[in-house]
Amino acid sequence: MITYGYVRVSSIDQNEDRQLHAMNELGIPQTQIFADKISGKDFERPAYKALTEKLNPGDLIYIKSIDRLGRNYVEIQNQWRVLTKERGIDISVIDMPILDTRNGKDLMGTFLSDIVLQVLSFVAQNERETTRKRQAEGIAAAKARGVRFGRPIKKPPENFDALVKLWERGKLHIQELLAQIGLKEATFYRRLREHRLVSNKQHTIKM
């Protein structure tokens, strides 16, 4: 039997130290701890796949809590069934000792653990959906206030017009122009179109 640990956080900026500390306290070697920094919406995760490829019947996986395994009600239960019943792998949820397939393998123990698994799977998915809903509402409210999302638009320098004229006259190479204005070529042409459009409008208004 080989003991493994599985750790997951939803994004790169989240910290997995609490989960890793729990694995270290159990004495699981670093080489046997697999960690993903990805959403728990499904099981298409590189570290999780690498872990399941190593598993043999009788091996044990520790996870800190059921939501670290996943955030999809159906998928969690399906993966649990495949690992424990079809492949003979044991799973132990550190924060919920009743979810330890090494114990309570009789009918009553299986019944109770199945109920707990269903409840926690539901909670995990419900929390994910609630978080997504709040994020969407927050983004919508921010947009309504005029908040812009995405990368800030890099404005051309004040001497943009003069540099463009030098470039148009062949006195400035395109690469030299891009270096001076600090824009990529595609961005430069987009800004140039915008600049000419504004200039034409201003010229029309003056006339």
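Structural notes, computed from the coordinates. The numbers attached to residues start from 1 for each chain and follow its sequence in the written order. Confidence filtering applies because this is a predicted model: local features only for residues at pLDDT of at least 70, side-chain atom pairs given and counted only at 80 or more, and all residues used for totals across whole chains, interfaces and linings. Side-chain calculation: all heavy atoms of the structure are included, whereas hydrogens and water are not.

1. A word on the packing of helix 6 (residues 160-168) against helix 7 (residues 174-181)
Part 1 of the reasoning: Lines fitted to the C-alpha atoms define the axes, with helices restricted to the stretch that makes contact. Angles between their N-to-C directions range from 0 to 180 degrees. We count a stretch as a helix when DSSP gives it H or I for four or more residues in a row; a strand needs E for two or more, and each element gets its number in order from the N terminus. Remark: helix 6 packs on helix 7, axes separated minimally by 10 Å, with the N-to-C direction vectors making an angle of 170°. Here helix 7 runs roughly antiparallel to helix 6, going by the angle between their axes. In this structure, helix 6 uses Phe160, Leu163, Val164 and Trp167 to contact helix 7, whose residues at the interface are Ile174, Leu177, Gln180 and Ile181.
Part 2 of the reasoning: We call Asp, Glu, Lys and Arg charged. Ala, Val, Leu, Ile, Met, Phe, Trp, Tyr, Cys and Pro are nonpolar, and the rest, Gly among them, are polar. Residues that form the contact of helix 6 with helix 7 fall into these classes: seven nonpolar, one polar and no charged. Each angle receives one of four descriptions, namely roughly parallel if under 35 degrees, roughly antiparallel if over 145, roughly perpendicular if within 65 to 115, and oblique otherwise. The contact criterion used is simple: two residues touch if any of their non-hydrogen atoms lie within 4.5 Å.

2. Focus on the pairing of strand 1 (residues 3-9)
Part 1 of the reasoning: Buried residues dominate strand 1, accounting for six of its seven residues.
Part 2 of the reasoning: Pairing between two strands requires that DSSP report at least two bridges joining them. Note: strand 1 against strand 3 (residues 60-63), four bridges, orientation parallel. Counted as the bridge partner of Gly5 is Tyr62 from strand 3.
Part 3 of the reasoning: Across five bridges, strand 1 lies against strand 2 (residues 33-37) in parallel orientation. By the bridge assignment, Arg8 is partnered in strand 2 with Asp36. The buried label applies to any residue whose accessible area, calculated with a 1.4 Å probe on protein chains only, is under 20% of its type's maximum; exposed applies above 50%, and partly exposed to all values in between.

3. Observations regarding the nonpolar core
Part 1 of the reasoning: If you look at the biggest cluster of nonpolar residues, it comprises 22 residues, and the most contacted ones within it are Ile61, Ile63, Ile66, Leu69 and Trp80.
Part 2 of the reasoning: Sorting the residues of this core by element identifies strand 1, helix 2 (46-54), strand 3, helix 3 (66-69), helix 4 (73-86), strand 4 (90-93) and helix 5 (107-144) as the ones contributing at least two each.
Part 3 of the reasoning: Every residue in contact with Trp80, bar those within four places of it in the chain, is listed here: Ile66, Leu69, Lys85, Ile91, Val93, Leu99, Thr101 and Leu117.
Part 4 of the reasoning: Nine residue types can take part in a nonpolar core, namely buried Ala, Val, Leu, Ile, Met, Phe, Trp, Tyr and Cys, and a core is a set of them joined through side-chain atoms within 4.5 Å. Counting eleven residues, the second largest nonpolar core, distinct from the first, contains Leu163, Val164, Ile174 and Leu178.

4. Quick look at the packing of aromatic side chains
Part 1 of the reasoning: Side-chain rings of Phe, Tyr and Trp (the six-membered ring for Trp) are treated as a pair once their centres are within 6.5 Å; stacked means planes under 30 degrees apart, edge-to-face means over 60, and tilted covers the remaining angles. Tallied over the full model, the rule gives seven aromatic pairs.
Part 2 of the reasoning: For the ring pair Trp167 and Tyr189, a centre distance of 6.1 Å and an interplane angle of 65° mean the geometry is edge-to-face. Taken together, the positions of Trp167 in helix 6 and Tyr189 in helix 8 (residues 185-206) put the pair 22 residues apart, joining distant regions of the chain.
Part 3 of the reasoning: By relative accessible area, which is 30% here, Tyr189 ends up partly exposed.
Part 4 of the reasoning: Ring pairs connect the aromatic residues Phe160, Trp167, Phe188 and Tyr189, which therefore count as one cluster.
Part 5 of the reasoning: For a Lys NZ or an Arg CZ to count as sitting over a ring, it must be within 6 Å of the ring centre and within 35 degrees of the ring normal. Positioned above the aromatic ring of Phe43, the side-chain terminus of Arg45 is 4.3 Å from the ring centre.
Part 6 of the reasoning: We note Arg45 situated over the ring of Tyr48; from NZ or CZ to the ring centre the distance is 5.6 Å.

5. Structural notes on the sheet that holds strand 3
Part 1 of the reasoning: In spatial order, the strands read 2-1-3-4; together these four strands make up an open sheet with parallel pairing. Whereas interior strands pair on both sides, the edge strands pair on one side only; in this sheet they are strand 2 and strand 4. Each strand of the sheet is rotated relative to its neighbour by a mean of 20°, with strand direction disregarded.
Part 2 of the reasoning: Examined bridge by bridge, strand 3 and strand 4 share four bridges and lie parallel to one another. Bridge pairing in strand 4 links Leu60 to Asp90.
Part 3 of the reasoning: Lying on the sheet, helix 1 (residues 17-25) is in contact with strand 1, strand 2 and strand 3; it crosses strand 1 at an angle near 170°.

6. Structural notes on the environment of Phe43
Part 1 of the reasoning: Residue position: Phe43 is located in the loop between strand 2 and helix 2.
Part 2 of the reasoning: Phe43 sits 27 residues away from Gly70 along the chain, and the two C-alpha atoms are 7.4 Å apart.
Part 3 of the reasoning: If near-sequence neighbours (up to four positions away) are discounted, Phe43 is found in contact with Tyr48, Lys49, Leu69, Gly70, Glu75, Ile76 and Gln79.

7. A few points about the pattern of salt bridges
Part 1 of the reasoning: The term salt bridge refers to a pairing of a side-chain nitrogen on Lys or Arg with a carboxyl oxygen on Asp or Glu at a separation within 4 Å. Tallied over the entire structure, the rule returns nine salt bridges.
Part 2 of the reasoning: With its nearest N and O atoms 2.5 Å apart, the salt bridge here joins Asp95 to Lys64. One end of the pair, Asp95, is in the loop between strand 4 and helix 5; the other, Lys64, is in the loop between strand 3 and helix 3, with 31 residues separating them in the sequence.
Part 3 of the reasoning: On the basis of relative accessible area, Lys64 is assigned to the buried category, the value being 11%.

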